[in-house]
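# Inside the fold
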Number of protein chains: 2
Amino acid sequence: MSQTIEFYFDFSSPYGYLGAQRIQAVADQHQRSVDWHPILLGAIFKVSGQAPLTTFPLKGDYAIMDFQRSAREVELPYSHPKQFPIATVAAARTIWWAKEHEDSTINQKTGDLVQAFFKAYYVDGKNLSDASVVVETASKLGIDQSNLEAALQDDVVKTRLKTAVNDAIEKKVFGSPMMIVDGESFWGNDRIEQLDRWLTRGGW
Amino acid sequence: MSQTIEFYFDFSSPYGYLGAQRIQAVADQHQRSVDWHPILLGAIFKVSGQAPLTTFPLKGDYAIMDFQRSAREVELPYSHPKQFPIATVAAARTIWWAKEHEDSTINQKTGDLVQAFFKAYYVDGKNLSDASVVVETASKLGIDQSNLEAALQDDVVKTRLKTAVNDAIEKKVFGSPMMIVDGESFWGNDRIEQLDRWLTRGGW
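Residue positions are given per chain, counting from 1 as you read along its sequence in written order. Here every chain gets a letter starting at A, and every ligand a number starting at 1, in the order they are written. Given that the model is predicted, a residue must reach a pLDDT of at least 70 before its local features are reported, and side-chain atom pairs must reach 80 or more before they are shown or counted; all residues, however, enter totals for whole chains, interfaces and linings. As a rule here, side-chain values cover all heavy atoms of the structure and leave hydrogens and water aside.

Here we take up the overall build of chain A. In DSSP terms, a helix is any run of H or I states spanning at least four residues, a strand is any run of E spanning at least two, and both are numbered starting from the N terminus. Scanning chain A for helices and strands turns up 10 helices and four strands. Scanning chain A from its N terminus toward the C terminus, one meets helices and strands in the order β-α-β-α-α-α-α-α-α-α-α-β-β-α. Throughout, a residue-residue contact means that at least one pair of heavy atoms, one from each residue, lies within 4.5 Å. Long-range pairs, those at least 24 residues apart, make up 70% of the contacts in chain A between residues at least 6 apart in sequence. Residue burial considers only the protein chains on display, and all accessible areas are found by Shrake-Rupley using a 1.4 Å probe. Looking at chain A as shown, the accessible area adds up to about 9,000 Å², and 50% of this sits on carbon and sulfur atoms. Two residue types count as positive, namely Lys and Arg, and two as negative, namely Asp and Glu; His and chain ends fall outside the count. For charged residues, the charge sits on one atom: NZ in Lys, CZ in Arg, CG in Asp, CD in Glu. In chain A, the 21 positive side-chain charges and the 26 negative ones have mean positions that sit 5 Å from each other.

What follows is the structure in structure tokens.
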């Protein structure tokens, strides 16, 4: 049995941000590790027939309010970004590059990079769709700028993200965050408590 | 300030069923009453550009699983209906007819009718889209069959439901259940705990 919690998310997803901040504590409590899976919701929405929450009449205003209220509920800072939603290709590529890097000093920074990218976008108001913001944020964690810049243009890294998106679709991931534990799927920041209870009970 | 919790729902909504079973306890705790607002999601989806959860690729199977898991989580029986989703016009009309009836013995049965209709559909496996199932279920609560049969064909009752759907759209109701308390909206069975805390805090 896998001892990870697979955490699928798009950096442009507010509930992904809130969930990412909270999942590590749940994982720690159950002696699990978090396996970060950044994906691109835009590509997935094409398959699943969906669209960003804020593009729907009636639902859009509620969504923006609920992002903020949900953040307050879990006592996390949240400032709704001026550019929203955004393309998160550079940030997502960076995570896949770091996560599978042969250099363990880079590899071990994967989780910190996830949190730093989310913070740049949802707390510090930076436009994470801009690759230079991604590189600058990563460099503050000790990632070499020119190394990362090269990686972001590397076909192997580009293909890795595409494969990751296809793998997610294979696993019926349709939203963010989506968590898979021992084959069981949980969708949404608001399902983390259920996931926690599910692990506590050891299933049903 | 209104002392009600407005509870908007479609009888064909599993989360509406789960929420309806739980909202009264929250209302009681905060000395509120529940104001039942049955609506037709089909009409609202036309305005909001949405569609039933189970019609989406990838998302559909998860939705059916999550209905059942969510029911287990709150310890309520749930049997996913063979016919799903269904048209709930007859059930919704009955609630509006009862809720605003001048005869208080009918009027006071509104909440019980809501629960009985949900139970017929989600526990007893009856096809609630069938007006005869609605009338039969209501009759077990002492509602006169021929009275209700006549009401379901009454233009005043038909118009009342249409007005209720339009009022809901005015208030930006786009899903089920959606609860409005003192102007604050909460969408989903999974927001009832937040609503409860919101009332406890007296707002933000």
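All names here are of chain A. We define a salt bridge as a side-chain nitrogen of Lys or Arg found within 4 Å of a carboxyl oxygen belonging to Asp or Glu. Using the criterion set out here, one finds 30 salt bridges over all chains in the structure. We note a salt bridge from K119 to D124, for which the minimum N-O separation is 3.2 Å. Buried means the residue's accessible area, taken with a 1.4 Å probe over protein chains only, is under 20% of the maximum for its type, while exposed means over 50%, and partly exposed covers the values in between. Classification of K119 by relative accessible area gives partly exposed; the value is 43%. Exposure remark for D124: the relative accessible area of 40% places this residue in the partly exposed category.

Further remarks concern the side chain of R32(B). All names here are of chain B. Relative to the helices and strands, R32 is located in the loop between α1 (14-29) and β2 (33-38). A relative accessible area of 11% places R32 in the buried class. Polar contacts, as used here, are pairs of N or O atoms within 3.5 Å; protein pairs need one atom able to donate a hydrogen and one able to accept it. Residues neighboring in sequence count only if both atoms are side-chain atoms. A distance of 2.9 Å separates the side chain of R32 from the side chain of D182, its partner in a polar contact.

What follows covers the relation of the copies chain A and chain B. For the match of chain A to chain B, the screw axis carries a shift of 0.0 Å, the RMSD comes to 0.0 Å, and the turn is 180 degrees. Put plainly, the chains are arranged around a two-fold axis. Considering only C-alpha atoms, the part of chain A nearest the rotation axis is D190(A), at 3.5 Å. Interface residue correspondence from chain A to chain B reaches 100%, placing this contact among same-surface, isologous pairings. Here the copies are matched by least squares. The fit uses the C-alpha atoms of residues with pLDDT of at least 70 in both.

Looking now at helix α7 (residues 131-139) of chain A. Within α7(A) the residues assigned to the buried category are V133(A), V134(A), V135(A), T137(A) and A138(A). Buried-residue contacts for α7(A) involve α4 (89-99), α6 (110-122) and α8 (145-152) of chain A.

Right, let's get into unusual backbone geometry. Residues and elements named next belong to chain A. For the bond running from F84 to P85, omega is -15 degrees, close enough to zero to count as cis. Mapped onto the elements of the fold, P85 is located in the loop between α3 (59-73) and α4. Phi angles above zero are rare outside glycine, and E75 is one such case at about 55 degrees. Within the secondary structure, E75 is located in the loop between α3 and α4. E75 sits in the exposed class, given a relative accessible area of 71%. The phi torsion at D182 lies on the positive side, around 50 degrees, for a residue other than glycine. Along the chain, the position of D182 falls in the loop between β3 (178-181) and β4 (184-187). Relative accessible area serves as the criterion here: at 31%, D182 is assigned to the partly exposed category.

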